[in-house]
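Read off the chains here:
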Amino acid sequence: MSNRFFVISLVFWFSISVIFFNMSNQKKRNFQIEAFKQRVVVDPKYADKTWKILEHAIHEIYNHNASGLSFEELYRNAYNMVLHKYGDKLYNGLVTTMTFHLNEICKSIEEAQGGAFIELINRKWNDHNKALQMIRDILMYMDRTYISSTKKTHVHELGLHLWRDNVVYSSKIQTRLLNTLLDLVHKERTGEVIDRLLMRNVIKMFMDLGESVYQEDFEKPFLEASAEFYKVESQGCIESCDCGDYLKKAEKPLVEEVERVAHYLDAKSEAKITSVVEREMIANHVQRLVHMENSGLVNMLLNDKYEDMGRMYSLFRRVANGLVTIRDVMTLHLREMGKQLVTDPEKSKDPVEFVQRLLDERDKYDKIINMAFNNDKTFQNALNSSFEYFLNLNTRSPEFISLFVDDKLRKGLKGVGEEDVDLILDKVVMLFRYLQEKDVFEKYYKQHLAKRLLSGKTVSDDAERNLIVKLKTECGYQFTSKLEGMFTDMKTSHDTLLGFYNSHPELSEGPTLVVQVLTTGSWPT
Ligand SMILES: *[C@@H]1O[C@H](CO)[C@@H](O)[C@H](O)[C@H]1NC(C)=O
Ligand SMILES: *[C@@H]1O[C@H](CO)[C@@H](O)[C@H](O)[C@H]1NC(C)=O
């Protein structure tokens, strides 16, 4: 007996050194082990006895009584079983013993009531993992050689599969576990505080059991339940809230769900749950929200509700056609409003007022697009095309714009700083840009400019020239050459007159003579 033990130990220690020092030298190792094996006479009951020791150890491990076990001895036993070609017996024994314990665990979990149920699952899962770790250490040699060469499931993975099939998929646990988890999520969504750490641990168990287990057995039903929850939520809300309040409510779960994922779900679930919320809370209600009576987008536009519109923009941009819808409604409203403005005979009575209103509307929408619509280029385009549309509905628009300039340059700009003058001129050029009949504008502009120049009524020569330069940038040299000719004539006249007075100082006391030399073709007749 002691002789056999000695031989076996010798094999053990020798092989250990072979494994650890000659892992790469397969030939040598095989040769050495073969040489020893032939000398060993194995007791026929050897395998049963050794397995009993290991089986007992597994029981003790699951019973939390492992402190008395010698891992070195157990390792050696498992090692020898494999070495003596009892790998099958060891492996099958492991499966049977672990299954037995998992069934025991299963029964105790089934009996748990209320909140103890999920807590017990968590605790038993932790126990099982610890046991699995110890068992894997003891059976490491089997894991590396026998399992690898027979292509069986490695001990750790085997432990997970057995847990999955015997505990998580047990008929009395599976549905109950899922419902418990979904119920906890529901509680949290409706404002209760739940044990997030416990959630995290149990859901992590699904992840540890494999991506498909997490996805099929938790994530999928979770997403379905979430869709149902937010469907009901959004229905209730849309019946009772105005548009602004609804948008505030829709914003919240987007933040909360991302937070939930961070706390206890797989990071890959974030995009999925987010798109569920987007669909149920936003996409399904885009039309209804935008057109809500007394609180929809038109109401927000009329009342400059930047915050609400900004919220609508950032929520709607998440869903297909969301922004297009906002833009279309804004465009339609703008065109209607603009059309009324330019075709109302009352409002056309005062050209200066008429243009000022247009500029005010333009400023208003510029600000809305800037503050609420993220300076979206497509919105700016819509604004530009709307103005182009309605400004040209009134054939007198070119004349009115010129009259507006005339008013500003005669008196309106007196005492206005240089930068502000420039700003006003830019706005005029902007309106000019929208005009289809630019020639009509030029015709009026020339007349009005001529009157200003000849009567010396213009407030600022710089402003006049500045505007010409801006128009030139818009339309090219051809467009403004005659206008510039008028300026040249004015300067020539001025210089001539100055020269005249300089050579006749006696005349400066008498009545003033004003002579203007005008080039034919440059001036309106
Ligand atoms: C725990 O282990 C010790 C020593 O290994 C043993 O004597 C004892 O019977 C075990 N207890 C249980 C409850 O199995
Ligand atoms: C809209 O018109 C303004 C003023 O004419 C112009 O500056 C801006 O570039 C235009 N926006 C787009 C997107 O075309």
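A short tour of the structure in this document, coming up. (Residues numbered from 1 in each chain as written. Chains lettered and ligands numbered in written order. Predicted model: local features only at pLDDT ≥ 70, side-chain atom pairs only at ≥ 80, totals over all residues. Heavy atoms only, no water.)

### Concerning the overall build of the protein chain
Helix and strand counts for the protein chain come out as 24 helices and zero strands. Taking all 525 residues of the protein chain together, the buried fraction comes to 46%. The contacts in the protein chain between residues at least 6 apart in sequence include a share of 76% that link residues at least 24 apart. Accessible surface computed for the protein chain: about 27,500 Å², of which carbon and sulfur atoms make up 52%. (Helix = DSSP H or I, 4+ residues; strand = E, 2+ residues; numbered from the N terminus. Buried < 20%, exposed > 50% of the residue type's maximum accessible area, 1.4 Å probe, protein only. Contact = heavy atoms within 4.5 Å. Areas by Shrake-Rupley, 256 points an atom, 1.4 Å probe, with all protein chains shown as cover.)

### Quick word on the packing of helix H3 (residues 46–62) against helix H4 (residues 71–83)
The geometry of H3 relative to H4 is characterised by a closest axis approach of 10 Å and an angle of 140° between their N-to-C directions. The pairing of H3 with H4 is recorded here as oblique in orientation. The two elements H3 and H4 cross, and the hand of that crossing is left-handed. Of the residues in H4, those in contact with Tyr 46, Ala 47, Thr 50, Trp 51, Ile 53, Leu 54 and Ala 57 of H3 are Glu 73, Leu 74, Asn 77, Ala 78, Asn 80 and Met 81. When its residues are assigned to classes, the contact of H3 with H4 shows nine nonpolar, three polar and one charged. (Axes fitted to C-alpha atoms, helices over the stretch in contact; angles between N-to-C directions. Parallel < 35°, antiparallel > 145°, perpendicular 65-115°, else oblique. Left-handed = near helix turned anticlockwise from the far one by under 90°. Nonpolar A, V, L, I, M, F, W, Y, C, P; charged D, E, K, R; others polar.)

### Looking at the pattern of salt bridges
What the rule picks out here adds up to 39 salt bridges. One salt bridge in this structure joins Arg 318 and Glu 278, with 2.6 Å as the shortest N-O distance. Note that Arg 318 is positioned in the loop between helix H16 (306–316) and helix H17 (322–343) and Glu 278 in helix H13 (residues 269–282), a separation of 40 residues in sequence. Judged by its relative accessible area of 38%, Arg 318 falls in the partly exposed class. (Salt bridge = Lys/Arg side-chain N within 4 Å of Asp/Glu carboxyl O.)

### Details of the site of ligand 2
The full set of residues close to ligand 2 is Lys 377, Gln 380, Asn 381, Asn 384, Met 430, Arg 433 and Tyr 434. Asn 381 is positioned with one of its side-chain polar atoms (N or O) 3.1 Å from an oxygen atom of ligand 2. Asn 384 has a polar side-chain atom sitting 2.4 Å from an oxygen atom of ligand 2. With the chains in place, 62% of the 360 Å² that ligand 2 exposes on its own is no longer accessible. Among the secondary structure elements, those contributing two or more residues to the shell around ligand 2 are helix H19 (377–391) and helix H21 (418–434). Looking at which element gives the most residues to the shell around ligand 2, the answer is H19, with four residues. Within the shell around ligand 2, the residues separate by chemical class into two nonpolar, three polar and two charged. (Near = heavy atom within 4 Å. Polar contact = N/O pair within 3.5 Å; in protein donor to acceptor, adjacent residues only side chain to side chain.)

### Points about the packing of helix H12 (residues 243–264) against H13
In the contact formed by H12 and H13, the axes pass within 9 Å of each other and the chain directions differ by 165°. By the angle class used here, H12 and H13 are roughly antiparallel. Of the two elements, H12 crosses H13, and the hand of that crossing is right-handed. In this structure, H12 uses Tyr 246, Lys 249, Ala 250, Pro 253, Leu 254, Glu 257, Val 258 and Val 261 to contact H13, whose residues at the interface are Ser 269, Glu 270, Ile 273, Thr 274, Val 277, Glu 278, Glu 280, Met 281 and Ile 282. In terms of residue class, the contact of H12 with H13 is made up of 10 nonpolar, two polar and five charged.

### Observations concerning helix H9 (residues 174–189)
For H9, with 16 residues, the first-to-last C-alpha span of 23 Å sits near the 22 Å given by 1.5 Å per residue. Listing the buried residues of H9 in full gives Leu 177, Leu 178, Thr 180, Leu 181, Leu 182, Leu 184, Val 185, Glu 188 and Arg 189. Where H9 is buried, its residues touch helix H6 (116–138), helix H10 (196–208), helix H11 (211–240), H12 and H13. A positive phi of about 105° marks Gly 191, the residue just after H9. (Expected span 1.5 Å × (residues − 1).)

### A few points about the environment of His 128
If you trace the backbone, His 128 turns up in helix H6. Contact partners of His 128, with chain neighbours within four places excluded, come to Tyr 62, Met 98, Leu 102, Gly 159 and Trp 163.

### Some details on the nonpolar core
Within soluble globular proteins, side chains that are nonpolar tend to cluster in buried spots. The biggest cluster of nonpolar side chains holds 149 residues, and the ones touching the most others in it are Met 142, Met 205, Phe 206, Phe 218, Phe 316 and Phe 373. Among the elements that take part in this core, H11 stands out by supplying 10 residues, more than any other. Among the domains, domain 1 (46–172) and domain 2 (177–320) are the pair contributing at least three residues each to this core. Leaving out residues up to four positions away in the same chain, Phe 373 has contacts with Leu 297, Met 309, Tyr 313, Ile 326, Met 330, Ile 368 and Phe 379. (Core = buried A, V, L, I, M, F, W, Y, C linked by side-chain atoms within 4.5 Å. Domains from an automatic or database assignment.)

### Focus on the side chain of Asn 122
Its place among the elements puts Asn 122 in helix H6. With sequence-adjacent residues up to four places away left out, Asn 122 is seen in contact with Leu 198, Asn 201 and Val 202.

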